[in-house]
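Inside the fold
Below are the chains, spelled out letter by letter.
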Amino acid sequence: MTPADLSTTVLRAVRRAVEDGALRVAVPDRVTVERPRPGGSGDYATNAALRLAPGAGLAPREVAEILRTRVATAEGIARVEITGPGFLNFTLTEDDGEDLARTVLSAGSHYGHGNALAGTTAVFAPAREPRARVWTETVVALLRSQGATASIAPAGPRPGGAVTNPTVAPAAPAPVPEALRVVPVPDGDDLFGRLGADAARWALLRPAAHDRPAAGGGAALLVPRQCNPLFRVGYAYRRTRALTRAAEQLGVTPAGPVGAGSHEGASPGAPHPAQAALIRLLRDHPAVLEAAARHRAPDRLARGLEQVADAVLRFQESGRPLPLGDEKPSAAHRSRIALAEAAGAVLAGGLSLLGIDAPEFL
């Protein structure tokens, strides 16, 4: 279950509570689900009860209890707890990522795209400074991935001025374009000429808007070493593609039936720790995309891709995605290969939104 799935589940619970007469409130358009804050528990949490309580005329914990009884039995939820003034905390059932992998692979590089910001319209001022231009282009792509209508205003003078034909009513004033503010590239630094398009875009997008781009001029982004985050992301993607090719040679196909991701030394059905960590990050990817779009922050996506890449490399090293020695291919191997392929789709899709290529070979 992804955060988007959980949000939908809670929203359905609100709707059922209203239909049953347990709550007398307007059903919200969306419910926010996020990682628990300090004092919380489980995998995810929502403040829906606190938001609904004033309109319902009830204490937040009463609203939380009404919702808890309606979501506790939903598939994929192991436990629901109420913490603090009325936060709902969800612990999900453990799985080997089978359903998640299917969801990701069916969407491909568009996994995480959705309609969270449908109805939102954003117009941005054109930018000439290199970092502001790249940042604005990427924010537009992120907003569109979440269903928003986003564009960059054409360069030139804003519409308006004297009316040349007094018999024609003046048009409604155009909205003032939003200018995204970032720390600029130092004057005279041809970052694209020095680093190439991919490394230059990463150097401009990975630091937060208020941070200076590419410490040290970004030259380290051209070095194929583990300390280079761009290299790790690209290398992790290429490892997922290599795993898929090796699996095909061994007759391990992710399209086959997927079984429990058991592992030697683990309880039956429990995923390997490296596998569980990767599942958690892939499940969070839609929320990462939404937050990056909502906050105009491509750096959030870049950091998320780094985390996925590191999890992929740990999974490859210790998660045993392929049979070893005389070991026969099993349903567990198919499950792990499907998960690796899903991770590759997430990395490729994220890099694409940042305007960076994801080549399969070095």
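Everything here concerns the structure above.
Summary of the structure given here. What you see is a predicted model, and the numbers here were worked out from it, not measured in a lab. (Residues numbered from 1 in each chain as written. Predicted model: local features only at pLDDT ≥ 70, side-chain atom pairs only at ≥ 80, totals over all residues. Heavy atoms only, no water.)

Quick word on the sheet that holds strand 1 (residues 44-46)
Each strand in a sheet pairs with another by means of backbone hydrogen bonds, the pair being arranged parallel or else antiparallel. Overall, antiparallel pairing links the three strands, which are arranged 1-3-2 in an open sheet. Looking along the sheet, the strands with just one partner apiece sit at the ends: strand 1 and strand 2 (77-83). On average, each strand axis in the sheet is inclined to that of its neighbour by 25°, with strand direction left out of account. Taken together, the six bridges between strand 2 and strand 3 (residues 87-92) define a ladder with antiparallel strand orientation. Opposite Arg79, over in strand 3, you have Thr91 as the bridge partner. (Pairing = 2+ DSSP bridges. Helix = DSSP H or I, 4+ residues; strand = E, 2+ residues; numbered from the N terminus. Axes fitted to C-alpha atoms, helices over the stretch in contact; angles between N-to-C directions.)

Section: the nonpolar core
Counting 67 residues, the largest nonpolar core has Leu143, Trp202, Leu278, Leu282 and Leu347 as its most contacted members. The element best represented in this core is helix 11 (residues 331-353), accounting for twelve residues. The contacts of Leu278, once residues within four sequence positions are left out, are Val308, Ala311, Val312, Phe315, Leu339 and Ala343. Counting 27 residues, the second largest nonpolar core, distinct from the first, contains Ala13, Ala56, Val71 and Phe90. (Core = buried A, V, L, I, M, F, W, Y, C linked by side-chain atoms within 4.5 Å. Buried < 20%, exposed > 50% of the residue type's maximum accessible area, 1.4 Å probe, protein only. Contact = heavy atoms within 4.5 Å.)

Re the packing of helix 5 (residues 130-145) against helix 7 (residues 197-205)
Running from N to C, helix 5 and helix 7 cross one another at 90°; their axes reach a closest spacing of 10 Å. It follows that helix 5 is roughly perpendicular to helix 7 by the angle criterion. Contacts between helix 5 and helix 7 involve Pro130, Arg131, Val134, Trp135, Glu137 and Thr138 from the former and Arg201, Leu204 and Leu205 from the latter. Across the contact of helix 5 with helix 7, the residue classes break down as five nonpolar, one polar and three charged. (Parallel < 35°, antiparallel > 145°, perpendicular 65-115°, else oblique. Nonpolar A, V, L, I, M, F, W, Y, C, P; charged D, E, K, R; others polar.)

Some remarks on the pairing of strand 5 (residues 149-152)
In the sheet, strand 4 (residues 121-124) pairs with strand 5 via four bridges, with the strands oriented parallel. Its bridge partner lying in strand 5, Val123 is registered against Ser151. In this region the chain leaves strand 4, passes through helix 5 and returns to the parallel neighbour strand 5; the handedness of that crossover is right-handed. (Right-handed = clockwise from strand over helix to strand, strands pointing away.)

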